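Residue-level listing of the chains:
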Amino acid sequence: MYDIGIIGGMGPKATSTLFDIIVNYTDANNDQEHPSIIILNNTKVPDRTKYIFEGGEVSPLEGINEALEVLSKLVKSDGAVGMVCNTAHYFYSNFMDKTNLNFLNMPKYALKYIQNSNLNKKVCVLCTKGTKKTGIYELNNPGNIEVRYPNECQCEEIQRIIYQIKDTANADYDVMAQKLVQIMKNIGEYTFILACTELSVLNKSYFSGISYVDAMDILAMLLVLKSGYKIKVVNEIYDKEIIEGL
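Since this is a predicted model, take the numbers as computed values, not measurements.

The rules behind each value
- Residues numbered from 1 in each chain as written.
- Predicted model: local features only at pLDDT ≥ 70, side-chain atom pairs only at ≥ 80, totals over all residues.
- Heavy atoms only, no water.
- 1 Å grid on protein atoms, 1.4 Å probe; cavity = no way out; pocket = protein on both sides within 12 Å on 5 of 7 lines; lining within 4 Å.
- Points joined across faces, edges and corners; volume = space filled by probe spheres on them.
- Helix = DSSP H or I, 4+ residues; strand = E, 2+ residues; numbered from the N terminus.
- Nonpolar A, V, L, I, M, F, W, Y, C, P; charged D, E, K, R; others polar.
- Axes fitted to C-alpha atoms, helices over the stretch in contact; angles between N-to-C directions.
- Parallel < 35°, antiparallel > 145°, perpendicular 65-115°, else oblique.
- Left-handed = near helix turned anticlockwise from the far one by under 90°.
- Contact = heavy atoms within 4.5 Å.
- Pairing = 2+ DSSP bridges.

Visitor: Report on empty space enclosed by the protein, specifying residues and quantitative values.
Guide: Applying the stated criterion across every chain, the model contains 1 cavity of 30 Å³ or more. Computed from the structure, the largest cavity encloses a volume of approximately 100 Å³. In this structure, the largest cavity is lined by 14 residues; those nearest its centre are Arg-48, Cys-85, Thr-87, Thr-128 and Lys-166. Looking at the lining of the largest cavity, the elements that each hand over two or more residues are helix H2 (48-54) and helix H8 (152-166). Along the lines of polarity and charge, the residues of the lining of the largest cavity split into 5 nonpolar, 5 polar and 4 charged.

Okay, structure coming up:
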């Protein structure tokens, strides 16, 4: 049985990035001190944003439910499970009461971290148009956070960046990071949430001087903690005590 289960494939590069982040944030001196992890990299789950806007014969929920069923047989009862797609959390209410797994809701914990921190409570969510339309972050707002989004033109540009990152054959991650930073600077003084896991692939060194929280960083650290392991905080923007209190 495994300590951590990951519903991946949405997308595959984001999935491999989550694995790397988990390893980097684990306080371990040898192989055996790392949590055991099972990753289901199901790349055949339909595009979540496209389904939200256009529908389709096959819902992404089918792939998510299939993954949860598999993980229920492979993850320890005191382990933890996460999903590599913010937009896919739109389906959370459809499966949360049907699984005994300790599933960690990424948008919920990203906002909870900001709530408990000294960060600006005016938040700008950088995400797919599907995440914006479904109001996932509003639904998980603990109450004292002002959730906003970029304007329509900026949302279109961010979505283009996200899908260019998915194009792993042709993606230039440095160029994409610079484009995203320029958008954030144009938006102004907010705490930005990287609320699409493709954005987590980008080199954070470009984000110097910008207040942000990467939802996937928070998920990674909590997967480690809630499966019984210790974390080390490798990015100085995060407060370890707050993470450990979530």
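This is not the end of the story, as more comes after the structure.
Visitor: Please give an account of the packing of helix H1 (residues 12-25) against helix H10 (residues 215-226) that cites residues and values.
Guide: Axis separation between H1 and H10 bottoms out at 9 Å; the angle between their running directions is 55°. In this view, H1 runs oblique relative to H10, as classed from their interaxial angle. Between H1 and H10 lies a crossing of right-handed hand. Across from Ala-14, Thr-17, Leu-18, Ile-21, Ile-22 and Tyr-25 in H1, the residues of H10 making contact are Met-216, Asp-217, Leu-219, Ala-220, Met-221, Leu-223 and Val-224. For the contact of H1 with H10, the residue count by class is 11 nonpolar, 1 polar and 1 charged.

Visitor: For the sheet that holds strand S3 (residues 75-83), give the residues involved together with the corresponding values.
Guide: With parallel pairing, the 3 strands of this open sheet are ordered in space as S2-S1-S3. Bordering the open sheet on either side are strand S2 (37-41) and S3, each of which pairs with just one other strand. The average angle at which neighbouring strand axes cross in this sheet is 20°, direction not considered. Where strand S1 (residues 2-8) lies against S3, 5 bridges are found, and the strand directions are parallel. Residue pairing for S3: Ile-4 is matched across the bridge by Ala-80. Docked against the sheet, H1 engages S1 and S2, running at close to 170° with respect to S2. The strands touched by helix H3 (residues 60-72) are S1, S2 and S3; relative to S1, the strand with the most contacts, the crossing angle is about 165°.

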